[in-house]
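Structural overview
The lines below spell out each chain.
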Amino acid sequence: SSDCVVAEQLCLSDSTCNATYRTLENCALAKTRLLSLDHHSRVRCLNAELDLGNSSLLHCKCHRRMKRQEHCLRIFWTVHSSMTDGYFNLETSPYENPANEEHWKTDYNKLAALVSGKKCSQLAGDATNPCLRATHICNLSKKCFRLRTEYASICTRGAASEDACDRRKCHRGLRNFFEKVPEEFTKRLLFCPCRDEFCGERRRKTIVPDCSFQYNTKPNCLWLLDSCLEDHICKSRLADFQQNCQPVAMSPDGCSLHNHAACLQAYMGMIGTPMTPNYVSNSSVEVSLWCTCENSGNQKEKCDQILGMFESNKCL
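Here's a quick rundown of the structure. (Residues numbered from 1 in each chain as written. Predicted model: local features only at pLDDT ≥ 70, side-chain atom pairs only at ≥ 80, totals over all residues. Heavy atoms only, no water.)

Here the focus is the side chain of arginine 64. Tracing the sequence through the fold places arginine 64 in the loop between helix H3 (39–51) and helix H4 (69–79). At 3.4 Å, the side chain of arginine 64 forms a polar contact with the side chain of glutamine 265. Contact partners of arginine 64, with chain neighbours within four places excluded, come to Gln69, Tyr95, Glu179, Asp240, Gln265 and Ala266. (Helix = DSSP H or I, 4+ residues; strand = E, 2+ residues; numbered from the N terminus. Polar contact = N/O pair within 3.5 Å; in protein donor to acceptor, adjacent residues only side chain to side chain. Contact = heavy atoms within 4.5 Å.)

With that settled, consider the pattern of salt bridges. Summed over all chains, the structure comprises 10 salt bridges. Its salt-bridge partner being arginine 74, residue glutamate 8 comes within 3.7 Å of it at the nearest N-O pair. Of this pair, glutamate 8 sits in helix H1 (residues 4–12) while arginine 74 sits in helix H4, and the two are 66 residues apart along the sequence. Under the relative-accessibility criterion, glutamate 8 is labelled buried at 8%. Residue arginine 74 pairs with glutamate 25 through a salt bridge whose shortest N-O separation is 3.6 Å. (Salt bridge = Lys/Arg side-chain N within 4 Å of Asp/Glu carboxyl O. Buried < 20%, exposed > 50% of the residue type's maximum accessible area, 1.4 Å probe, protein only.)

Moving on, we get to the packing of aromatic side chains. Scanning the model with the defined rule gives 7 aromatic pairs in all. Aromatic pair phenylalanine 241 and phenylalanine 310: ring centres 4.6 Å apart, planes at 5°, arrangement stacked. Placement of the pair is phenylalanine 241 in helix H13 (residues 232–244) and phenylalanine 310 in helix H15 (residues 300–311), with a sequence separation of 69 residues. Exposure remark for phenylalanine 241: the relative accessible area of 1% places this residue in the buried category. Following the ring pairs from residue to residue traces out a cluster consisting of Tyr151, Phe177 and Phe178. A cation over a ring is seen here: arginine 64 above tyrosine 95, with NZ or CZ 4.8 Å from the ring centre. Residue placement shows arginine 203 over the ring face of tyrosine 279; its charged tip is 4.8 Å from the ring centre. (Phe/Tyr/Trp six-rings, centres within 6.5 Å; stacked < 30°, edge-to-face > 60°. Lys NZ or Arg CZ within 6 Å of the ring centre and 35° of its normal.)

By themselves, these figures tell us nothing about what the structure is for.
Below is the structure:
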């Protein structure tokens, strides 16, 4: 099975596969607790991964919109725990490429027609502000309106006092919105084309950056990365982003996979994680992480790479 949850059940019902998988669970646990493994233990972990051979566990994937996503991702990283050895380049995404959901487009087109109709003539002024128009169209969808209102209220709670918002809950609300609302709505809210700063301000504030993006002071990007790698969802989204937004200097479009839609989807997946990106100003489409590479010592090059994945990524 390509689903890691189903593949795990099949493995656990086989005594040989079960024993190998339990070994890998111990290896992954040691990594999570940052325990340094001796040479013998490292060899045992690598051999256990190789012993899975053609098991469906070795090739299983997860879906962004699945119910037991965190459990599925934990299985994936248990089986592939050796991939993160000593470097942040995660090589492969745990997510399956999504099927093209045509019915979402139909739903959006129906609402777009509603907006342009006489019933919604009050939206006529939206032509100059595509971000405002995207918001109004979201409001016509019960699910889009409900989940957008939900994260906005969580992320703005306590915003008046210094650093009082619940960032973890805000991130969860954002992930919920981007996972459950069809991309036809979310992409238009996040990537609406702007010609003036008023529109750009609305676009930049889509994710309520005072809570979800900014800290009082910019942390080091290496700290952000460490926070991300300790979290199964963030680590998975980062792996997906690295795979789908891999820049190549010699490529005409600057993209190794030549799939900008997959790259944008992977970028959206980073929102609501410890490595949440956002627009840096109201007057451009440049994006960045909220972090700095000052005081990185001998890891300055690695830190610059992390920041450069967003700031100077031609593919993105």
